[in-house]
Amino acid sequence: GRRITVRDVAAAKERGEKWPMVTAYDAMTARVFDEAGIPVLLVGDSAAMVVYGYDSTLPVSVDDLMPLTAAVVRGSSRAMVVADLPFGSYQASPQQALETAVRFMKEAGAHAVKLEGGRRVLPQVEALVSAGIPVMAHLGLTPQSVNAFGGYRVQGRGQAGDELMADAKDLQAAGAFSVVLECVPAELAERVTTSLAIPTIGIGAGPSTDAQVLVWQDLMGLTARPAKFVKKYSDLAGEMDRAVRAFADEVTGGVFPSAEHTYH
Ligand code: KIV
Ligand code: NA
């Protein structure tokens, strides 16, 4: 079969169909999500936290994310794989954005890229779209701006909501194929969703967006203190704790390996 494309996500909005997106950072989880029918996989710069152990997304580099992106592409066969452009890899100029995005497409095999920001990154979005690179935009709580925001807090309340709406419309006009709305009031996300022809992808943005995204470690219950917007669909931390303790007990007790796991 073929991969999901930007045409498929556009058609889903026309049909009023909602869809799920999850992050992935390696081949085996990508395969599980791909086989479950998740249409879009995001290699998020959230890898800074969940893969590399930093406490924000700022430290992660293109070289850090490139092999993860390549692994997710190799591990999937149907999903569209979106590569997040990390902090500092696109803000300087449209040319910098193009060089970075081209690396993700050519070397890692990504099918689209995502970058954060509104009108200040329009020249970057236009340069990528002109080069034939599908761009997913990202508004609201854009974690690469955490220092400017003074923390991880809800964005787009009051007057800022009109600014966000204007950003969203301009990003659509610049050719973005979708826009992530992170940590914004549900009422604003609903207004943006009905005002745009391109799909909105919500995270902490209420129920009205065209799609929903979660970091997979959050939804699986691996994250220690997840945000209010996270729903835990599994308790992987508990399950992994149980399993590794059982292994440890059987090793120290001389129970593992038994005959069935032994060669002669
Ligand atoms: O990096 C990431 O995981 C993201 C999503 C949460 C949208 O940007
Ligand atoms: Na991100």
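All of these numbers come straight from a predicted model, not from anything done at the bench.

The rules behind each value
- Residues numbered from 1 in each chain as written.
- Chains lettered and ligands numbered in written order.
- Predicted model: local features only at pLDDT ≥ 70, side-chain atom pairs only at ≥ 80, totals over all residues.
- Helix = DSSP H or I, 4+ residues; strand = E, 2+ residues; numbered from the N terminus.
- Rg over C-alpha atoms; globule rule 2.2 N^0.38 Å.
- Buried ≥ 20, exposed ≤ 12 C-beta atoms within 10 Å, placed from the backbone.
- Contact = placed C-beta atoms within 7 Å.
- Near = placed C-beta within 6 Å.
- Nonpolar A, V, L, I, M, F, W, Y, C, P; charged D, E, K, R; others polar.
- Arc of directions from axis to C-beta.
- Domains from an automatic or database assignment.
- UniProt positions renumbered as here; feature names shortened; annotations may be inferred.
- Core = buried A, V, L, I, M, F, W, Y, C linked by C-beta atoms within 7 Å.

Engineer: I'd love a proper account of the overall build of the protein chain, names of residues and values included.
Structural biologist: Within the protein chain, the secondary structure is distributed over 11 helices and 8 strands. At 20 Å, the protein chain has a C-alpha radius of gyration in line with the 18 Å of a compact globule built from 264 residues. Projecting the C-alpha coordinates of the protein chain onto the three principal axes gives extents of approximately 65 × 40 × 40 Å. In the protein chain, which comprises 264 residues, the share counted as buried stands at 43%. A separation threshold of at least 6 residues defines the contact pool for the protein chain, and within that pool the share at least 24 residues apart is 58%.

Engineer: With reference to specific residues and values, describe the site of ligand 1.
Structural biologist: In the neighbourhood of ligand 1, the contacting residues comprise Thr23, Leu42, Gly44, Asp45, Ser46, Asp84, Val180, Ile203, Val213 and Val215. Looking at the shell around ligand 1, its residues break down into 5 nonpolar, 3 polar and 2 charged.

Engineer: Got a sec to walk through helix α6 (residues 122-130)? Specific residues and values, please.
Structural biologist: For α6, the full list of buried residues reads Gln124, Val125, Ala127 and Leu128. End-on view of α6: buried residues confined to an arc of 165°, all on one side of the axis. Buried residues along α6 sit against α5 (94-106), β4 (112-114), β5 (135-140) and α8 (159-174). Once α6 finishes, glycine 132 follows within two positions and takes phi at roughly 85°, a positive value.

Engineer: Tell me about the domain arrangement of the protein chain, and please be specific about residues and values.
Structural biologist: Looking at the assigned domains, one finds that the protein chain contains domain 1 (6-233) and domain 2 (236-264). Taken over C-alpha atoms, the centre of domain 1 sits 39 Å from the centre of domain 2.

Engineer: If you had to explain the UniProt feature "active site" (unreviewed entry) in the protein chain to someone new, which residues and values would you point to?
Structural biologist: When the UniProt feature table is mapped to this numbering, "active site" (unreviewed entry) covers Glu182. As for its position among the elements, glutamate 182 is in strand β6 (residues 178-182). With residues up to four places along the chain from it excluded, the contact list for glutamate 182 reads His138, Gly140, Leu141, Thr142, Ile203, Gly204 and Ala205.

Engineer: Explain the nonpolar core residue by residue, including any values.
Structural biologist: Counting residues in each nonpolar core, the largest one holds 70 residues, and the members touching the most others are Leu41, Val43, Val82, Val113 and Val135. Those residues in contact with leucine 41, other than ones at most four positions away along the chain, are Val22, Ala24, Ala30, Phe33, Val72, Ser76, Ala79 and Val81.

Engineer: Can you tell me about helix α9 (residues 186-195), naming the residues and giving the values?
Structural biologist: All of the buried residues in α9 are Leu188, Ala189, Val192 and Thr193. Summarising the axial view, the buried residues of α9 lie within an arc of 135°, below the 170-degree limit, and thus occupy one face. Opposite the packed face of α9, turned more than 90 degrees from it, sit the exposed residues Thr194 and Ser195. Against the buried residues of α9 lie α8, β6 and β7 (200-203).

Engineer: Give me the UniProt feature "binding site: Mg(2+)" (unreviewed entry) in the protein chain: which residues, what numbers.
Structural biologist: Taking the UniProt record as the reference, the feature "binding site: Mg(2+)" (unreviewed entry) is found at Asp45, Asp84 and Glu116. Look at the named residues: they lie 72 residues apart in sequence, but the longest C-alpha span between them is just 10.8 Å, so in the fold they bunch up. Residue contacts for aspartate 45: discarding those within four places in its chain leaves Thr57, Val60, Leu65, Asp84 and Pro86. You can see glutamate 116 is positioned in the loop between β4 and α6.

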